[in-house]
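Letter by letter, the chains look like this.
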Amino acid sequence: MAPKITVIGTGYLGATHAAAMAELGFEVLGLDVDAEKIARLSRGETPMYEPGLQELLRRHVEGIEGASGRLRFTRDWAEAADFGDIHFVCVNTPQKQGEYACDMSYVNAAMDSLAKELRRPALVVGKSTVPVGSAERIAARIAALAPAGDGVELAWNPEFLREGFAVADTLHPDRIVVGVRSAHAEKLLREVYATPVAEGSPFIVTDFPTAELVKTAANSFLATKISFINAMAEICEASGGDVVKLAEAIGHDERIGRKFLRAGIGFGGGCLPKDIRAFMARAGELGADQALTFLREIDSVNMRRRGRMVEMARDAVGDSFLGTRVAVLGAAFKPDSDDVRDSPALNVAGQIHLQGAQVTVYDPKGMDNARRVFPTLGYAPSALDAVRGADVVLHLTEWSEFRDLDPEELGAAAGRRILLDGRNALDAARWRAAGWTVRAMGRPQP
Ligand code: NAD
């Protein structure tokens, strides 16, 4: 019989993983400590915006007409422990308050709650991004707590999904990495991922530390690539070069590649910033801090770009933001997501607001989350409304909706036709043709 699966923690990662496992044919029980989230998921509603997820949930959540019924949700640990042969732990691992290190309290609490109820053999699979060494510690903890003793085993299976593409990335992962300690654990995970593996997803078996490191190493590389091109943007700004042309030209070298070379206000979100910081903190604990000191520079290049955007906006309105109106297009940290965790767009909006401007934000999906985090900013129901009367318009999250805006229509509503493209994603020529002054990061002014 196919193994039964639980998913512990049903946020961006867990809700998607649970629905995808049901889609692959497994019986799935999702568990979260958040009662409202569980209630919504049980009705087939996503607690967040993720393209395609709502449809996937509605195809499988028990009780929905026409659904397979293979997916349901609970808050009951004993029920989950009793149900699952394999438990995927997908809870959050944020940055600790006031420190670089990872806050493991949610993972620790979830592992403890589950382990205490495990009365039958099971494989517990960590998917959260954790500091290297965590799996070994957690394995010992589970062994000490689980009533089923040796029958319970741990594996680590880091997740590489991208928000905005989470459903496709989970159903068709570009690689599957499993850190295991036994052939049995590997066999079970091969069964779980049989469909994507048959479709060609590479299946890479490692020890615990390597599996944990794959995730943080991948995120560090991506962050480095983004900060590299943003550092080149700084040089272009100082020298009169054009970072967009430069990126295009170096991107043709296949050893470099074109992806992640779009200069702008940098990376944010619930993963990259906190993961590179936690990686540095962990390297310090291991006595290997020198190996990662470059990540400190990657982080500061990234944060500097946000400040640079604020400066560009201040220059555009004169010398001071006092009494000015600033329109901000974008609140989510990236397009096709409502996630505003450590969003560069909101960070820039917040800084400008603090300096005295009246800031009005519009985002296609991130408005509710943005309002919760920055209640003092103004919010408008559309891009056109946000731009009305603005002295300057900032494009800070590259939604396709913004690429399709009509510069003529917006120009008629704006106070002044000044556009700052913080993502180098808009067609500057089109906006200029409609009378806008367009400035973009790392590009010369025409
Ligand atoms: P999230 O905050 O959206 O979801 C975490 C969920 O865990 C929440 O619903 C929360 O209520 C629940 N939770 C917290 N403590 C719990 C407990 N003790 N028991 C049960 N549930 C509990 O976070 P996320 O973005 O889904 O990230 C989860 C993990 O996955 C993190 O380690 C993150 O770094 C990693 N990750 C995230 C992504 C992504 O794109 N979001 C991609 C890859 C890896």
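Residues numbered from 1 in each chain as written. Predicted model: local features only at pLDDT ≥ 70, side-chain atom pairs only at ≥ 80, totals over all residues. Heavy atoms only, no water.

J.: Where do I start with the overall build of the protein chain in this structure?
T.: Along the protein chain, the regular secondary structure elements total 19 helices and 14 strands. Taking 22 Å as the expected radius of gyration for a compact globule of 446 residues, we find that the protein chain reaches 23 Å, a close match to that expectation. Its C-alpha atoms put the protein chain at 70 × 55 × 40 Å along the principal axes. Expressed as a percentage of its 446 residues, the buried residues of the protein chain come to 54%. By element, 51% of the accessible surface of the protein chain is carried by carbon and sulfur atoms, the whole surface being about 19,000 Å². Separation of charge centres in the protein chain, based on 52 positive and 60 negative side chains, amounts to 2 Å. (Helix = DSSP H or I, 4+ residues; strand = E, 2+ residues; numbered from the N terminus. Rg over C-alpha atoms; globule rule 2.2 N^0.38 Å. Buried < 20%, exposed > 50% of the residue type's maximum accessible area, 1.4 Å probe, protein only. Areas by Shrake-Rupley, 256 points an atom, 1.4 Å probe, with all protein chains shown as cover. Lys, Arg positive; Asp, Glu negative; His and termini not counted. Charge placed at Lys NZ, Arg CZ, Asp CG, Glu CD.)

J.: Explanation requested: the pattern of salt bridges in the structure shown.
T.: Note that side chains of opposite charge can pair when their charged atoms are close. Scanning the model with the defined rule gives 29 salt bridges in all. For Glu45, the salt bridge goes to Arg40, with nearest N and O atoms at 3.6 Å. Its relative accessible area of 25% is what places Glu45 among the partly exposed residues. Residue Arg40 is classed as partly exposed on the basis of its relative accessible area, which comes to 28%. The closest approach of N and O atoms between Lys127 and Glu159, which form a salt bridge, is 3.2 Å. (Salt bridge = Lys/Arg side-chain N within 4 Å of Asp/Glu carboxyl O.)

J.: Just checking my understanding: could you explain the packing of aromatic side chains for this structure?
T.: The full count for this structure, using the stated rule, is 3 aromatic pairs. Pairing Phe88 with Tyr193 gives two aromatic rings, centres 6.5 Å apart and planes at 65°, and the pair type is edge-to-face. Residue Phe88 is located in strand E4 (residues 86-89), and its partner Tyr193 is located in the loop between helix H8 (183-192) and helix H9 (194-198); the two are separated by 105 residues in the primary sequence. Tyr193 matches Phe88 in its accessibility class, with the two residues each being buried. (Phe/Tyr/Trp six-rings, centres within 6.5 Å; stacked < 30°, edge-to-face > 60°.)

J.: I'm lost on the packing of helix H5 (residues 105-115) against helix H6 (residues 134-145) in this one. Help?
T.: Axis angle and axis distance: for two packed helices, these are the angle between their axes and the distance between the axes, and together they describe the pair. In the contact formed by H5 and H6, the axes pass within 9 Å of each other and the chain directions differ by 30°. As summarised for this structure, H5 and H6 are arranged roughly parallel, according to the angle between their axes. The way H5 lies across H6 gives a crossing that is right-handed. Contacts between H5 and H6 involve Val107, Asn108, Met111, Asp112 and Ala115 from the first element and Arg137, Ile138, Arg141, Ile142 and Leu145 from the second. Its residues assigned to classes, the contact of H5 with H6 comprises 6 nonpolar, 1 polar and 3 charged. (Axes fitted to C-alpha atoms, helices over the stretch in contact; angles between N-to-C directions. Parallel < 35°, antiparallel > 145°, perpendicular 65-115°, else oblique. Left-handed = near helix turned anticlockwise from the far one by under 90°. Contact = heavy atoms within 4.5 Å. Nonpolar A, V, L, I, M, F, W, Y, C, P; charged D, E, K, R; others polar.)

J.: Just to check I follow, could you spell out the site of the ligand for this structure?
T.: Near the ligand there are 28 residues, and of these Asp32, Lys37, Thr93, Glu163 and Lys274 occur at the shortest range. Here an oxygen atom of the ligand and a side-chain polar atom of Arg341 are 2.8 Å apart. Top contributing element to the shell around the ligand by residue count: H5, with 3 residues. Residue composition of the shell around the ligand, grouped by class: 13 nonpolar, 7 polar and 8 charged. (Near = heavy atom within 4 Å. Polar contact = N/O pair within 3.5 Å; in protein donor to acceptor, adjacent residues only side chain to side chain.)

J.: I would appreciate a short explanation of the sheet that holds strand E9 (residues 325-329) in the present structure.
T.: With parallel pairing, 6 strands are arranged side by side in an open sheet as E11-E10-E9-E12-E13-E14. The strands lining the two open edges of the sheet, one partner per strand, are strand E11 (378-379) and strand E14 (437-440). Packed onto the sheet, helix H13 (residues 293-317) meets strand E12 (392-395), strand E13 (418-421) and E14 and runs at close to 170° relative to E13. Contacts from helix H14 (residues 344-354) reach E9, strand E10 (358-362), E11 and E12, with the element oriented near 160° to E10. (Pairing = 2+ DSSP bridges.)

J.: Got a minute to help me understand H13 in this structure?
T.: Given 3.6 residues to a turn, an α-helix orients residues that are three or four positions apart in the same direction. Spanning 25 residues, H13 covers 38 Å between terminal C-alpha atoms, matching the ideal 36 Å at 1.5 Å per step. Directly beyond the C-terminal end of H13, a positive phi value near 115° is found at Gly318. (Expected span 1.5 Å × (residues − 1).)

J.: I would appreciate a short explanation of empty space enclosed by the protein in the present structure.
T.: In this approach a probe as big as a water molecule rolls over the atoms, and the regions it shows empty are the leftover space. Following the criterion strictly, the structure yields 1 cavity of 30 Å³ or more and no others. The space that makes up the largest cavity amounts to roughly 60 Å³. If you tally residues by element for the lining of the largest cavity, the top one is helix H12 (residues 272-285), at 4 residues. In terms of residue class, the lining of the largest cavity is built from 6 nonpolar, 3 polar and 2 charged. The residues that make up the lining of the largest cavity include at least three from each of domain 1 (5-206) and domain 2 (216-299). (1 Å grid on protein atoms, 1.4 Å probe; cavity = no way out; pocket = protein on both sides within 12 Å on 5 of 7 lines; lining within 4 Å. Points joined across faces, edges and corners; volume = space filled by probe spheres on them. Domains from an automatic or database assignment.)

J.: Just checking my understanding: could you explain the side chain of Asp421 for this structure?
T.: By the secondary structure assignment, Asp421 is in strand E13. Buried charge Asp421 goes without a salt bridge, the closest partner of opposite sign being Arg262 at 6.9 Å. At a separation of 2.7 Å, a polar atom in the side chain of Asp421 contacts the side chain of His395.

J.: Is there a simple way to think about the nonpolar core in this case?
T.: Generally speaking, a soluble globular protein has its nonpolar side chains buried in company with each other. In this structure, Val326, Ile352, Val359, Leu394, Leu420 and Trp436 are the most contacted members of the largest nonpolar core, which totals 52 residues. With 6 residues, H13 is the single largest residue contributor to this core. In this structure Val326 touches Phe321, Ile352, Ala357, Gln358, Val359, Thr360, Val392 and Leu394, once residues within four positions along its chain are discounted. Core analysis: the next-biggest nonpolar cluster, separate from the first, contains 43 residues, Val7, Ile38, Ala67 and Ala155 among them. (Core = buried A, V, L, I, M, F, W, Y, C linked by side-chain atoms within 4.5 Å.)

J.: Which parts of the structure should I look at to understand unusual backbone geometry?
T.: In terms of backbone geometry, most residues other than glycine have negative phi values and most peptide bonds are trans. One non-glycine residue, Asp342, adopts positive backbone phi at about 45°. Note that Asp342 resides in the loop between E9 and H14. With phi around 50°, Asn424 is a residue other than glycine that occupies positive phi space. On the secondary structure map, Asn424 appears in the loop between E13 and helix H19 (428-433).

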